[in-house]
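A closer look at the structure
Each chain is listed here by its residues.
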Amino acid sequence: MEAPTTNTMPTVWVFGYGSLCWYPGFEYSECITGYIRGYVRRFWQGNVTHRGTKEKPGRVATLIEDKEGITWGCAFKVTGNHALDYLRQRECTLGGYVTEYIKFYPRLASEQSGISGEAFPALVYIATPKNEHWIGEEPVLVTARQIAECRGPSGHNVEYLVRLAMFMRDELPGACDEHLFELEGLVRRFVAEANVNLELLLIGNVTPHRIRRDTHEEVRRHVTFEFASRVPDTKLRCLHI
């Protein structure tokens, strides 16, 4: 199955698993929660343009292949190239990410919305060891300490981590991400030990707004993993934009 190119597709679904979950920064027509298979979320990418500096790089999320992995997030439906141009600048030019199309599995299905519950291709931004800001695996205490101390043009690195953890708890209660929540716990501890008001670190240069997700869901239900098979899927053709 070959993914369409940005010149021919009128509509694209973009999967967010990091700051896009709480601050997309672009216009979209729908937002739904769900997951991708075969990857886990890790804070192995350095950042010097948004959440850190060249002297003290922050830590942001990327995806690492894991045949039994599942990463939860949300997919945005966008039309036209404006959002993709914005994301190319934000994620690729400044962030060092590349793009791939990966199957996205909606959490809910609805005949009224046209969402069937079956997987469909979504554009995903992934950092790889080939980019200059790659950190790779490091002790979780080192990552947490770096996040607790770093700040960049978009705000404190703590905001990036904590708001992502808040999204997971608020929108996907019951979904598991041990790496994310272990980091959050350590960072909260470091901030408290430094006698810093955590709320002040959550005030960045961007103002997150409430995102209407799963608008076809009449009654919010807890996440169930009954349908989340851990058999890895085949990755679709890589597209660099």
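Note that residues are indexed from 1 along each chain, following the sequence as it is written. In keeping with the predicted nature of the model, local features appear solely for residues at pLDDT of at least 70, side-chain atom pairs appear and are counted solely at 80 or more, and the whole-chain, interface and lining totals rest on all residues. Excluding hydrogens and water, the side-chain figures rest on all heavy atoms present in the structure.

1. With respect to unusual backbone geometry
The phi dihedral of Asn-195 is positive, around 55 degrees, even though this residue is not glycine. In this text, helices come from DSSP runs of H or I with a minimum length of four residues, and strands from runs of E with a minimum of two, each type numbered from the N-terminal end. Among the structural elements, Asn-195 can be located in the loop between helix H4 (178-193) and helix H5 (198-201). Looking at Asn-195, the relative accessible area reads 71%, which means it is exposed. Relative accessibility under 20% of the residue-type maximum defines a buried residue, over 50% an exposed one, and the middle range a partly exposed one, all with a 1.4 Å probe and only protein chains included.

2. A few points about the nonpolar core
We call a set of buried residues a nonpolar core when its members are Ala, Val, Leu, Ile, Met, Phe, Trp, Tyr or Cys and they connect through side-chain atoms within 4.5 Å of each other. Among the nonpolar cores identified, the biggest contains 62 residues, and Val-14, Phe-43, Phe-104, Tyr-125, Val-158 and Val-187 are the most heavily contacted of them. Among the elements that make up this core, the one with the highest residue count is strand E3 (residues 58-79) (nine residues). Filtering out sequence-adjacent residues up to four positions away, Phe-43 remains in contact with Arg-59, Val-60, Ala-61, Thr-143, Ile-147, Tyr-160, Leu-161, Leu-164, His-179, Leu-180 and Leu-183. Contact between two residues is taken to exist if any of their heavy atoms lie within 4.5 Å; hydrogens are not considered.

3. Examining the packing of helix H3 (residues 157-171) against H4
To characterise two packed helices, one gives the angle between the axes of the helices and the distance between these axes. The angle between two axes is taken between their N-to-C directions and runs from 0 to 180 degrees, where each axis is a line fitted to C-alpha atoms and a helix contributes only its stretch in contact. Their axes nearest at 10 Å, the elements H3 and H4 cross at an angle of 130 degrees. In terms of orientation, H3 and H4 fall into the oblique class. By crossing handedness, the relation of H3 to H4 is classed as left-handed. Packed against H3, whose contacting residues are Val-158, Leu-161, Val-162, Leu-164, Ala-165, Met-168 and Arg-169, the element H4 presents Leu-180, Phe-181, Leu-183, Glu-184, Val-187, Arg-188 and Val-191 at the interface. Here the contact of H3 with H4 is built from residues that sort into 11 nonpolar, no polar and three charged. Here is the rule for angles: anything less than 35 degrees is roughly parallel, anything more than 145 is roughly antiparallel, 65 through 115 is roughly perpendicular, and the remaining ranges are oblique. Handedness of each helix crossing follows the sense of rotation of the near helix against the far helix: counterclockwise by less than a right angle gives left-handed, clockwise gives right-handed. In this classification, the charged set is Asp, Glu, Lys and Arg, the nonpolar set is Ala, Val, Leu, Ile, Met, Phe, Trp, Tyr, Cys and Pro, and all remaining amino acids, among them Gly, are polar.

4. Regarding the pattern of salt bridges
Opposite charge on two side chains permits pairing when their charged atoms draw close. For salt bridges, the criterion is a side-chain nitrogen of Lys or Arg within 4 Å of an Asp or Glu carboxyl oxygen. By the definition in use, this model includes 13 salt bridges. For Glu-30, the salt bridge goes to Lys-77, with nearest N and O atoms at 3.5 Å. One end of the pair, Glu-30, is in strand E2 (residues 30-47); the other, Lys-77, is in strand E3, with 47 residues separating them in the sequence. Shared partners join several salt bridges into a network, and the residues in it are Arg-51, Glu-159 and Arg-163.

5. Points about H3
Under the 1.5 Å per step criterion, the end-to-end length of H3 is 21 Å for 15 residues, consistent within 8% with the ideal 21 Å. In terms of residue burial, H3 counts as a mostly covered element, since 12 of its 15 residues are buried. Multiplying 1.5 Å by the helix residue count minus one yields the expected span of that helix.

6. Remarks on the packing of aromatic side chains
Ring pairs are drawn from Phe, Tyr and Trp, using the six-membered ring of Trp, whenever the two centres fall within 6.5 Å, and their geometry is named by plane angle: stacked under 30 degrees, edge-to-face over 60, tilted for the rest. For the structure on display, the rule yields 12 aromatic pairs. Between Phe-26 and Phe-76, the aromatic rings sit 5.5 Å apart at their centres with planes inclined by 80 degrees, giving edge-to-face as the arrangement. Highlighted residues: Phe-26 in the loop between strand E1 (11-16) and E2 and Phe-76 in strand E3, separated in sequence by 50 residues. The exposure class assigned to Phe-26 is buried, which follows from its relative accessible area of 9%. Here Tyr-35 and Trp-72 contribute two aromatic rings whose centre-to-centre distance is 5.0 Å and whose plane-to-plane angle is 50 degrees, an arrangement assigned as tilted. On the criterion of sequence distance, the pair formed by Tyr-35 in strand E2 and Trp-72 in strand E3 is long-range, its members being 37 residues apart. Neither residue differs from the other here; Tyr-35 and Trp-72 are each classed as buried. A connected cluster of aromatic rings, assembled from ring pairs, spans Trp-13, Phe-15, Tyr-17, Phe-104 and Phe-120.

7. Quick notes on the confidence of the model for the protein
The predictor attaches a confidence to each residue, called pLDDT, with possible values from 0 through 100. Chain-level statistics for the protein give a pLDDT mean of 84 and a share of 81% at 70 or above. In the model, residues 218-241 has pLDDT below 50 throughout and makes 59 contacts with residues more than four positions away in sequence or in other chains.

8. Focus on helix H1 (residues 82-93)
Over its 12 residues, H1 runs 15 Å from end to end, which matches the ideal 16 Å to within 8%, given 1.5 Å per residue. Every buried residue belonging to H1 is among Ala-83, Leu-84, Leu-87, Arg-90, Glu-91 and Cys-92, and all of these are buried. Taken down its axis, H1 places every buried residue within 160 degrees of arc, on the same side. Of the exposed residues in H1, the ones pointing more than 90 degrees away from its buried face are His-82 and Thr-93. The arc in question is traced by the directions running from the helix axis to the C-beta atoms.

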